[in-house]
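# Chain and residue survey
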Amino acid sequence: MKKYRLINYCSIALMTISCLFLSFSGQAQKADRWIRINQLGYQPDGPKTAIWCSKQDEIVTAFYVTEVSSGATVFKGNAGPALGAYGPFAQTYRLNFSRFTRPGKYTIRAGDAVSPEFTIGKDVYKGAADFCLRYMRQQRSGFNPFLKDSCHTHDGYTMYGPMPDSTHIDVSGGWHDASDYLQYATTSANAAWHLLAAYRDFPEVFGDEHTANGLAGKNNRADVLDEAKWGLDWLLKMHPREDWLFNQLGDDRDHAGMRIPKEDSFYGKGYERPVYFATGEPQGLLKYKNRATGVASTAGKFASAFALGYETMEEDAAYKNKLRERALSAYLLGIQKPGVCQTAPGRSPYFYEEDNWTDDMELAAASIGFMQRVESGAPDAGKLQEAVQYAKIEKLTPWLGGDTARHYQWYPFINAGHYELAKQLEGKPRKELTDYYKQGIEKVWQKAKGNAFYRGIPFIWCSNNLTTSFAIQCYWYRMLTGDTKYLELEQANFDWLFGCNPWGTSMVYGLPSWGDTPADPHSAFTHLKQYPIDGGLVDGPVYGNIYKNLIGITLHEPDEYAPFQSSLVVYHDDYGDYSTNEPTMDGTASLIYLLAAKEQHRKAVPKEGNTQPGKKKVKLRGYSGLNKEIAASTAPLRKAAPPSTGKERAVKPYQAITRGDTSKRQLALVFTGDEFGDGGSTIAATLQQEGIKASFFLTGRFYREPAFGAAIRQLKKDGHYLGAHSDQHLLYCDWKDRDSLLVTRQQFDTDLRNNYAIMKAFGISAAAAGYFLPPYEWYNDSIVSWTKQQGFQLISYTPGTISHADYTTPDQKNYRSSDAILRSIYSFGEKSPNAFNGFILLLHIGTAPQRTDKLYNRLPELIRYLKGAGYEMVRIDKLLSSI
């Protein structure tokens, strides 16, 4: 019988009382047929697929989606082609219901099989990334906030270093690697990088519910940054001098038995543990040794984590300078000692057998190149060129498309360097990098497309880590190129982690709280004390032949998944199986990035008056006052301004441009877009019919949305202006206190850069889109200045009408009908014969479904009025050409 737990899981928004009593045995059905689903749920506009599987070779032609509350069948789908045997099953089908988008709770029926309940909703992944941070906090060494106690405070004594063996050095802190208490620099640096990248790319996802030491409370910093800093602080201890680099703390003497972490006294020197210096040569104090050939694989990981920490962390200058210095010194050590720095074994033959290193140095060079840009305003071209050369050495991560590999042989399991480098390049070099990603994805797809689970990942040790990383690679490729060819493959790998697999179980402890998730993992926390290890991603299934040949595995309870084991692959929820059911810290950190990406995909728009959690407010000297540092940094821009013609509207240096030349009977129709694009084709057709050009400022999320791609390409083909509206539609400053920033300079720069990066996929260069319209049309003098320093000009709409209220819905207090909006425009036009001279009239390219009164359907009426009044409608760049 499966072991269930009731877990406090308030952070997942869609949990309901009914979920706690949900049976995962399904409704009455034959015991040899099942339907597997993603237990976390599906987003309305995303791919949605369930897997029908049977022990019998039979035919399924149709399936039905049933609404739980009413019992009504709301969707019928074609089961598609039979995809044959897989693992324990004789027949399988993919049940694709992506066309069904209505939010709610449902089940799927096909033949005699009925799925568990699942949710379709915009916020199905809300809180999941923060939930997994629980496991990271529980893995802390030094002070452990879960235990509210300290451990391993005496670490450690040096081995293999330039100092005498057994010299004490302070390396306490960091994270335990898995359910053992070893600590590896390579996995810790990779984990820290993923946490930092998650915050950099998706800052709105993370909350502030814990202090820096991991205890409950708030400290005006997102919890994910607190966790990343815990890792960075330890890494700084492991690289204490520019010529010292340590690789590992402890060894497999740790595996003597299960215990709650405390002080370990079995390493031969009191409570200290050995810390291994990175020599670049084979190491191992006991029976076994590794095959190390250099230092670069570890040094590169250090350098990239430190560089990203410099870019992302909001810390004092001394700390950031230390990160910068150590990023450069670690990178130099990698250059001086190229090769792999594997972890050191001891009594057993198992260790992290990393055999690649140029991917780590590529990421380091790309990260340092951008770090220099953050510091000086210009990228380090030399470092970017070095990164390009490293990229050419390992174009594809070697495990992609393979059937097997040694333990951690190709690590990290994703080449993040390609992504970080491609974002900084244009043209052919950028395309070469995205093609590397595509080639790797295609290799996996060729193996995956023949089975119902779209499984092309080898079932080696830590296969879930590979699955997570591969889904991220698909995501990064899609973000860089706009190509959605592999979107369903990407989603299939995500679904696999949360129950769309042969065993029908999530691979994350306690996520979701109402689901079938690991209950008896290989962990002393659960086995000895019944402590929940919330959020931990377990290793995942392995080939049957790997499982049979591992040392020391014994199942301690009857296998509840016995019907789903096969000679191909096995998975056991049993603490005796360390190969499939042990959680890992680095795999969980990668999953946090993936979950953040999934949640950010449809992040709710903040209501007026709200601020983002976890963001430190930065007080300026006043909205109208100038910060001296900002003034100095933008002085060259002001000096370079063209001489006045006497006709243009005067613009103060730290205000956005909100109007063009008031001496000309010209105005600009400007459309913004983020979440909704339902009016795209209608607007494009109207503008084409009327023979006028307009301007469109769209977020990165809009540009990436596959459903909007055709409209974007049509607008570009028709010659309209396409610009940026921020990548993630961030709220830059407080609604009530405009001087209070809600984003840092680094967050602003990264977000804007990502917006322009995805625009390149549509052939829109930054040079051709120099005007930037801020999200919510809300900004202060810092935002104007930062925009200028990026090389762009901030603009906004001309006040006077309520045209921008066309997004409001009937349930909102500020709702305005299309009639009311048009009346405000016509009324404004009557105030003066030249009322709309130089006017920037703002509307939206799409609105929420709740608003059925779409203003864009009345665009012909508005255009005829403006034409009748003698106004010419032009692109924004033409309107502002003399400003």
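What comes next concerns the included structure. Because the structure is a prediction, the values reported are computed rather than measured. (Residues numbered from 1 in each chain as written. Predicted model: local features only at pLDDT ≥ 70, side-chain atom pairs only at ≥ 80, totals over all residues. Heavy atoms only, no water.)

## Concerning the packing of helix 3 (residues 185–201) against helix 15 (residues 585–600)
The contact between helix 3 and helix 15 brings their axes to 8 Å, and the two run at 15°. Between helix 3 and helix 15, the angle falls in the class roughly parallel. Remark: the crossing between helix 3 and helix 15 carries left-handed chirality. Along the contact surface, helix 3 presents T187, S188, A191, H194, L195, A197, A198 and D201, while helix 15 presents M585, D586, A589, S590, I592 and Y593. By residue class, the composition of the contact of helix 3 with helix 15 is 8 nonpolar, 4 polar and 2 charged. (Axes fitted to C-alpha atoms, helices over the stretch in contact; angles between N-to-C directions. Helix = DSSP H or I, 4+ residues; strand = E, 2+ residues; numbered from the N terminus. Parallel < 35°, antiparallel > 145°, perpendicular 65-115°, else oblique. Left-handed = near helix turned anticlockwise from the far one by under 90°. Contact = heavy atoms within 4.5 Å. Nonpolar A, V, L, I, M, F, W, Y, C, P; charged D, E, K, R; others polar.)

## Some thoughts on the pattern of salt bridges
On inspection of all chains with the given rule, the structure shows 42 salt bridges. Among the salt bridges present, the one from R94 reaches E488, with a minimum N-O distance of 2.9 Å. Note that R94 is positioned in strand 5 (residues 91–96) and E488 in helix 12 (residues 487–497), a separation of 394 residues in sequence. For E488, a relative accessible area of 28% corresponds to the partly exposed category. For the salt bridge of R875 with D877, the shortest nitrogen-to-oxygen distance reads 2.7 Å. (Salt bridge = Lys/Arg side-chain N within 4 Å of Asp/Glu carboxyl O. Buried < 20%, exposed > 50% of the residue type's maximum accessible area, 1.4 Å probe, protein only.)

## Some details on helix 7 (residues 358–376)
Since one α-helical turn is 3.6 residues long, residues separated by three or four positions face the same way. For helix 7, with 19 residues, the first-to-last C-alpha span of 27 Å sits near the 27 Å given by 1.5 Å per residue. Helix 7 sits mainly inside the fold: 15 of its 19 residues count as buried. Downstream of helix 7 by one or two residues, G377 has phi in the positive range, about 95°. (Expected span 1.5 Å × (residues − 1).)

## Regarding the sheet that holds strand 1 (residues 33–36)
Read from one edge of the open sheet, 3 strands run 1-2-5, paired in antiparallel fashion. Strand pairing shows two members of the sheet lacking a second neighbour, strand 1 and strand 5, which therefore form its edges. Mean inter-strand twist for the sheet, computed between neighbouring axes without regard to direction, equals 20°. One ladder, built from 4 bridges, connects strand 1 with strand 2 (residues 49–54); its direction is antiparallel. (Pairing = 2+ DSSP bridges.)

## Observations regarding the state of the cysteines
Taken as a whole and judged by the stated rule, the model has 0 disulfides. C53 forms no disulfide, and the closest cysteine sulfur to it belongs to C500, at a distance of 8.5 Å. By relative accessible area, C53 is classed as buried at 0%. (Disulfide = S-S within 2.5 Å.)

## Quick notes on the packing of helix 12 against helix 15
Close contact between helix 12 and helix 15 brings their axes to 12 Å; oriented N to C, the two are set at 120°. As for how helix 12 packs across helix 15, the hand of that crossing is left-handed. Seen from helix 12, the contacting residues are E490, Q491, F494 and L497; seen from helix 15, they are L591, L594, L595 and K598. The residue makeup of the contact of helix 12 with helix 15, split by class, is 5 nonpolar, 1 polar and 2 charged.

## So, the environment of P88
One can find P88 in the loop between strand 4 (73–78) and strand 5. Residue classification places P88 among the buried positions, given a relative accessible area of 13%. For the pair P88 and Q565, spaced 477 residues apart in the sequence, the C-alpha separation amounts to 6.2 Å. Residue contacts for P88: discarding those within four places in its chain leaves K55, P502, P563, F564, Q565 and S566.

That's the geometry; what it means functionally is another story.
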